[in-house]
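# Remarks on the overall topology
If you want the building blocks of each chain, they are given just below.
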Amino acid sequence: MLNEIRENYPNVLVADAGNFLFASPRLSPISGEADKMAARYVARGMNLVKYDVANIGPNDLAAGLDFLLEIRKDISFTMISSNIVSSRTAAPIFEPSVVKTIGGVTVGFLKKLPALPI
């Protein structure tokens, strides 16, 4: 479907508002490993269909920050969050925003909420 949209409308940016990896903010002790495997496939699928940007929601941190950073290594789209910052430096861990230009139009993606030190 997305390929068909891109064929008809070449100036398309694909974005996700967050909570794309997990259904809840905590992993189940029973299905946690299977949920992490499914999250890896979700991220790979988003990469295959060429997402441009994805905001990180609370559920995306269900397996922890290290897991999310591992996922980030295997994708080409930008994960953004202006409110996930280092508890030591207060610096953003992910890109706080991203600006894309397509078809002569510049679009900014950002989300500004109170910082969540990790």
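The sections below set out a description of the structure shown in this document. Computed from a predicted structure; not experimentally measured.

### A short note on the overall build of the protein chain
Each helix and strand counted, the protein chain has 3 helices and 7 strands in total. Going from the N terminus to the C terminus, the protein chain shows its helices and strands as α-β-α-β-α-β-β-β-β-β. With the C-alpha coordinates aligned to their principal axes, the bounding extent of the protein chain is approximately 45 × 35 × 20 Å. Looking at the protein chain as a whole, 33% of its 118 residues qualify as buried. Across the protein chain, every contact between residues at least 6 apart in sequence was considered, and the portion connecting residues at least 24 apart equals 66%. In the form shown here, the protein chain has an accessible surface area of approximately 7400 Å², with 55% of it arising from carbon and sulfur atoms. The protein chain carries 12 positive and 11 negative side-chain charges, and their two centres are separated by 6 Å.

### Considerations on a nonpolar patch on the surface
The grouping of Met-1, Ile-5 and Tyr-9 at the surface amounts to a nonpolar patch, some 390 Å² of accessible area in total. One can find Met-1 in the segment before helix H1 (2-8). You can call Met-1 exposed: its relative accessible area is 80%.

### Side note on the sheet that holds strand S1 (residues 15-16)
Spatially, S1-S2-S3 is the arrangement adopted by the 3 strands of the open sheet, whose pairing is parallel. Each edge of the open sheet carries a strand with a single partner, namely S1 and strand S3 (78-80). Note: strand S2 (residues 53-55) against S3, 3 bridges, orientation parallel. Note that in S3 the partner of Val-53 across the bridge is Thr-78.

### Side note on the nonpolar core
Leu-21, Met-79 and Phe-94 are the most contacted members of the largest nonpolar core, which has 18 residues in total. Elements supplying a minimum of two residues to this core: helix H2 (32-48) and helix H3 (65-73). Looking at this core, the element that brings in the most residues is H3, giving 4 residues. Residues in contact with Met-79, not counting those within four places in the same chain, are Phe-20, Ala-54, Ile-56, Leu-68, Ile-71, Arg-72, Phe-94 and Glu-95.

Rules and cut-offs
Residue indices follow the written sequence of each chain, beginning from 1 at its first position. Only residues with pLDDT of 70 or above have their local features reported here, since the model is predicted, and side-chain atom pairs are shown and tallied only from 80 upward, although totals for entire chains, interfaces and linings are computed over all residues. Hydrogens and water molecules were not included; the side-chain quantities draw on all heavy atoms of the structure. Strands are runs of DSSP state E lasting at least two residues, helices are runs of H or I lasting at least four, and both sets are numbered from the N terminus onward. Burial classes follow relative accessibility: with a 1.4 Å probe on protein chains only, a residue under 20% of its type's maximum area counts as buried, one over 50% as exposed, and anything between as partly exposed. For this analysis, residues touch if any pair of their heavy atoms sits within 4.5 Å. Per-residue and other accessible areas were derived by the Shrake-Rupley procedure at a 1.4 Å probe size, with only the shown protein chains allowed to occlude residues. Within this scheme the basic residues Lys and Arg register as positive and the acidic residues Asp and Glu register as negative, but His and the chain ends are omitted. By convention, the charge on Lys lies at NZ, on Arg at CZ, on Asp at CG and on Glu at CD. Patches draw on residues past 30% relative accessible area with no salt bridge. Two like charges within 9 Å are joined, as are two nonpolar side chains (Val, Leu, Ile, Met, Phe, Trp, Tyr) within 5 Å. By definition here, a salt bridge exists when the distance from a side-chain nitrogen of Lys or Arg to a carboxyl oxygen of Asp or Glu is within 4 Å. A strand pair is defined by DSSP finding two or more bridges across the two strands. In this description, a nonpolar core means a group of buried Ala, Val, Leu, Ile, Met, Phe, Trp, Tyr and Cys residues linked to one another through side-chain atoms lying within 4.5 Å.

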